[in-house]
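Per-entry structural report
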Amino acid sequence: MKREGNPSESGYQLLERKGISRRDFLKMCTITCTALGLDLCLAPQIAEAAAANLSKKPLIWMQGQGCTGCSESLLASLDPSPDQIILDVLSVRYHPTLMAAAGEQAVQSMEECIAKGNYILVLEGSIPTADPRYCMVEGKSFIDQFKKAAANAEVVIAVGSCACYGGIPRAGFTGAVGAQDVLSGAKIVNLPSCPVKPDRLVSVILYYLSENALPLLDELKRPVAYYRYTLHDSCDRRLHFEKDEFLEDWNDAETTDYCLYHKGCKGQDTYTTCAASWWNDGVSYCGHAGSPCAGCSEPEYYDGFAPLFVNPKEEK
Ligand code: SF4
Ligand code: SF4
């Protein structure tokens, strides 16, 4: 996936060649500004600076213990197109699922990039600590490979709950942890949820390309802009919660839009913008689709919130 082309090509020329107009790119940067709570006047400035750095910043995407759902989430987005920005425009030197190269050729590409430094490292999936054999890359332990790649990275972006906190694999026996648990001193940003929300990833990358810094993070290394409020704060079922109207029977057509708390909704403990900025390019999100929030962006997810879809009053 190494991007070929004219080294003197400007960022905007590169974008045009990849089918992203200047106008679309500016739109992405405007969305980034809105999402990160920045003045919209900064959008052209961010677009200019980010475009100038697009061609200079390689990206390595590593996959530990996970289901590849975060990559899938990125590919499934429509408009604006984060996958185009990340996979087509940035120089992705290694992605185990998506790159055309395989075996030694793929590893060589990653090794060369690591040796040069000056790259963004994305981690998808968790890191096993109980035994290195639970996750190996090209015959080597994943934890060693990841630490080696992180040592030379400018920034490490943990995408999805597995990469941030261990996620679903942490409920098992592999000693699964997130990037921050095995790195010290690295510049890390966590983008938890299961899977990662693509617009958050592209915003953080565009901001980083523009400012050479991360957006404001909370104590859990999450961008404050995306994790400042709970789902409960902006949930469209909230009025029913206030009126003690809870869905009890899935088959009762009269109460389908009632609060899902009695069905195990974790929205009161879950910091996320899902209800304010819907998934799949604004098509829907869990609560709107009738599913209780599972708390997938919290460190406790999954085992700390299990069983997921049970009335808290009935839990032991
Ligand atoms: S469905 Fe969940 S997030 Fe929405 S109001 Fe009820 S408890 Fe809160
Ligand atoms: S609503 Fe809850 S379970 Fe659904 S994606 Fe958002 S944080 Fe995860």
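Residues numbered from 1 in each chain as written. Chains lettered and ligands numbered in written order. Predicted model: local features only at pLDDT ≥ 70, side-chain atom pairs only at ≥ 80, totals over all residues. Heavy atoms only, no water.

All right, on to the state of the cysteines then. One pass over the structure, following the stated rule, counts zero disulfides. Cys162 provides the cysteine sulfur closest to Cys194, a residue in no disulfide bond, and the two sulfurs are 5.7 Å apart. Residue Cys194 is classed as partly exposed on the basis of its relative accessible area, which comes to 33%. (Disulfide = S-S within 2.5 Å. Buried < 20%, exposed > 50% of the residue type's maximum accessible area, 1.4 Å probe, protein only.)

Residue alternation in strand E7 (residues 188-191) divides its side chains into two sets, Ile188 and Asn190 and Val189 and Leu191, and both sets are buried. Of the strand pairs in this sheet, strand E6 (residues 155-159) and E7 are connected by four bridges, and their pairing is parallel. Among the inter-strand pairings, Val159 is bridged to a residue of E7, identified as Leu191. (Helix = DSSP H or I, 4+ residues; strand = E, 2+ residues; numbered from the N terminus. Pairing = 2+ DSSP bridges.)

Our next topic: the UniProt feature "binding site: [3Fe-4S] cluster" (unreviewed entry) in the chain. Per the UniProt record, "binding site: [3Fe-4S] cluster" (unreviewed entry) is found at Cys274, Cys293 and Cys296. A maximum C-alpha distance of 10.8 Å is found for the annotated residues, which run over 23 residues; spatially they form one tight group. Residue placement: Cys274 occurs in the loop between helix H13 (238-242) and helix H14 (279-282). Aside from chain neighbours lying at most four places away, what touches Cys274 is Arg200, Leu231, Trp279 and Tyr285. Looking at where Cys293 falls in the secondary structure, it is placed in the segment after H14. (UniProt positions renumbered as here; feature names shortened; annotations may be inferred. Contact = heavy atoms within 4.5 Å.)

Under the 1.5 Å per step criterion, the end-to-end length of helix H2 (residues 22-36) is 21 Å for 15 residues, consistent within 8% with the ideal 21 Å. Of all the residues in H2, the buried ones are Phe25, Met28, Cys29, Thr32, Cys33 and Leu36. Down the axis of H2, the buried set is contained in an arc of 140°. They therefore lie on one face. Summarising the geometry of H2, the exposed residues directed more than 90 degrees from the buried face are Arg23 and Thr34. Among the residues trailing H2, Gly37 stands out with phi positive, at a value near 70°. (Expected span 1.5 Å × (residues − 1). Arc of directions from axis to C-beta.)

Further remarks concern the domain arrangement of the chain. In terms of domain boundaries, the chain breaks down into domain 1 (11-225) and domain 2 (229-316). Inter-centroid distance (C-alpha atoms) of domain 1 to domain 2 is 28 Å. Facing the 22 residues of domain 1 at the interface are 16 residues of domain 2. Both faces considered, domain 1 and domain 2 share a buried interface measuring about 1400 Å² in area, 52% of it formed by carbon and sulfur atoms. At the surface where domain 1 touches domain 2, the tally comes to two salt bridges. Residue Arg222 is joined to Glu298 by a salt bridge in which the shortest nitrogen-to-oxygen separation is 3.3 Å. Linking domain 1 to domain 2 there are nine residue pairs in polar contact (both at pLDDT 80 or more). The set of elements that each furnish at least two residues to the side of domain 1 that touches domain 2 consists of helix H8 (160-165) and helix H10 (198-211). Of the residues in the side of domain 1 that touches domain 2, the class split is eleven nonpolar, five polar and six charged. (Domains from an automatic or database assignment. Buried area = accessible area lost by both parts, 1.4 Å probe. Salt bridge = Lys/Arg side-chain N within 4 Å of Asp/Glu carboxyl O. Polar contact = N/O pair within 3.5 Å; in protein donor to acceptor, adjacent residues only side chain to side chain. Nonpolar A, V, L, I, M, F, W, Y, C, P; charged D, E, K, R; others polar.)

In this structure the tally under the stated criterion is eight aromatic pairs. When the centroid spacing of 5.6 Å and the interplanar angle of 50° are considered together, the rings of Trp278 and Tyr285 count as tilted. Residue Tyr285 is classed as buried on the basis of its relative accessible area of 4%. Ring-pair connections join several aromatic residues into one group, and the members of that group are Phe241, Phe246 and Tyr261. Above the face of the Tyr12 ring, Arg22 is positioned so that its terminal group lies 3.9 Å from the ring centre. Taking the ring centre of Trp279 as reference, the NZ or CZ of Lys197 above it sits at 5.7 Å. (Phe/Tyr/Trp six-rings, centres within 6.5 Å; stacked < 30°, edge-to-face > 60°. Lys NZ or Arg CZ within 6 Å of the ring centre and 35° of its normal.)

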